[in-house]
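Close look at the chain arrangement
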Amino acid sequence: MPPAAPRSGEAIFSSVERVNAELFTLTYGAIVRQLLTDLEEVEEVNKQLDQMGYNIGIRLIDEFLAKSNVSRCADFKETAEMIAKIGFKMFLGVSASVVNWDADGSCCSIVLEDNPLVDFVELPDTCQGLFYCNILSGVIRGALEMVAMKTEVTWIRDMLRGDDAYELQVKLLKQIPEEYPYKDDE
């Protein structure tokens, strides 16, 4: 039997049980607000959101691989396209595009067409250093680490900070060689 064809992000998104978008958005907002109250420093909140996202990403990749039926990506460019075209659509219901590749193909930007996490959000002046959606950078970093890619993910543009788009820069730091716990010939 031939392997199943990869599914589009739209097909997966339409077949997955979802929570109400407003509930999701407001719950995330409450988490960010509580972190601001508990940690007090905006930079610490950014780090905590990234760490929370990382922990989600290392688990979310399993669901992505199981439901999307994608085969192993040939390179970092193909991986970035999968994240943008299938991953964001599958989990957030939004489309994204990959742009601004560097010459050696190890750094690109993912531009989100929409961002459901920021509905109903306005940042006060005291939170201007906050990357409100930093959880997304952690999710990408965690998921890619589980498929042997050490990355650095940072926000380049954020509409909550007055920019014209939501743009994440994803930089491949190194391919992690796969290690097997035992040898086949023993």
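Values in this document were obtained by computation on a predicted structure and should not be read as measured data.

1. What about the packing of helix 2 (residues 21-39) against helix 3 (residues 42-68)?
Between helix 2 and helix 3, the shortest axis-to-axis distance is 9 Å and the interhelical angle comes to 135°. Classed by the angle they form, the pair helix 2 and helix 3 counts as oblique. Our pair here, helix 2 against helix 3, has a crossing hand that is right-handed. Residue-level contacts link Y28, I31, V32, L35, L36 and L39 of helix 2 to V42, E44, V45, Q48, L49 and M52 of helix 3.

2. Topic: helix 4 (residues 76-92)
Of all the bends in helix 4, the greatest, near 35°, is centred on I83. The buried fraction of helix 4 is high, at twelve of 17 residues. Those residues of helix 4 not exposed but buried are F76, T79, A80, M82, I83, A84, I86, G87, F88, K89, M90 and L92. For helix 4, the N-terminal cap is D75; the gap from its side-chain oxygen to the backbone nitrogen of K77 is 3.3 Å. Phi turns positive one or two residues past the end of helix 4, at G93, with a value near 75°.

3. Some details on the pattern of salt bridges
Opposite charge on two side chains permits them to pair, given that their charged atoms come into close proximity. Under the criterion given, the structure shown has six salt bridges. For the salt bridge of K67 with E63, the shortest nitrogen-to-oxygen distance reads 2.9 Å. Placement of the pair is K67 and E63 together in helix 3, with a separation of four residues, close to one helical turn. Judged by its relative accessible area of 31%, K67 falls in the partly exposed class. Where E145 meets K150, a salt bridge forms, and the shortest distance between an N and an O atom there is 3.6 Å. Here K150 falls in the partly exposed class, since its relative accessible area comes to 32%.

4. Section: the nonpolar core
Judged by nonpolar contacts, the single largest core of 39 residues is most densely connected at F88, I110, L130, Y132, L136, I140 and V170. Elements that contribute at least two residues to this core include exactly helix 2, helix 3, helix 4, strand 1 (96-99), strand 2 (107-112), helix 5 (134-146), strand 3 (149-157) and strand 4 (166-175). Counting residues in hydrophobic clusters, the runner-up holds seven residues, among them F64, V70, I86 and A143.

5. Brief notes about the packing of aromatic side chains
Applying the stated criterion across every chain yields a total of two aromatic pairs. Their ring planes at 90° and their centres at 5.8 Å tell us that F76 and W101 sit as a pair that is edge-to-face. Residue F76 is located in helix 4, and its partner W101 is located in the loop between strand 1 and strand 2; the two are separated by 25 residues in the primary sequence. On the basis of relative accessible area, F76 is assigned to the buried category, the value being 4%. Judged by its relative accessible area of 26%, W101 is partly exposed. The residue whose ring lies beneath K77 is W101, and the NZ or CZ to ring-centre distance is 5.4 Å. When the ring centre of F131 is taken as reference, the NZ or CZ atom of R161 above it lies at 4.1 Å.

Conventions we followed
- Residues numbered from 1 in each chain as written.
- Predicted model: local features only at pLDDT ≥ 70, side-chain atom pairs only at ≥ 80, totals over all residues.
- Heavy atoms only, no water.
- Axes fitted to C-alpha atoms, helices over the stretch in contact; angles between N-to-C directions.
- Helix = DSSP H or I, 4+ residues; strand = E, 2+ residues; numbered from the N terminus.
- Parallel < 35°, antiparallel > 145°, perpendicular 65-115°, else oblique.
- Left-handed = near helix turned anticlockwise from the far one by under 90°.
- Contact = heavy atoms within 4.5 Å.
- Bend = angle between axes of the 7 residues up to and from the residue.
- Buried < 20%, exposed > 50% of the residue type's maximum accessible area, 1.4 Å probe, protein only.
- Polar contact = N/O pair within 3.5 Å; in protein donor to acceptor, adjacent residues only side chain to side chain.
- Salt bridge = Lys/Arg side-chain N within 4 Å of Asp/Glu carboxyl O.
- Core = buried A, V, L, I, M, F, W, Y, C linked by side-chain atoms within 4.5 Å.
- Phe/Tyr/Trp six-rings, centres within 6.5 Å; stacked < 30°, edge-to-face > 60°.
- Lys NZ or Arg CZ within 6 Å of the ring centre and 35° of its normal.

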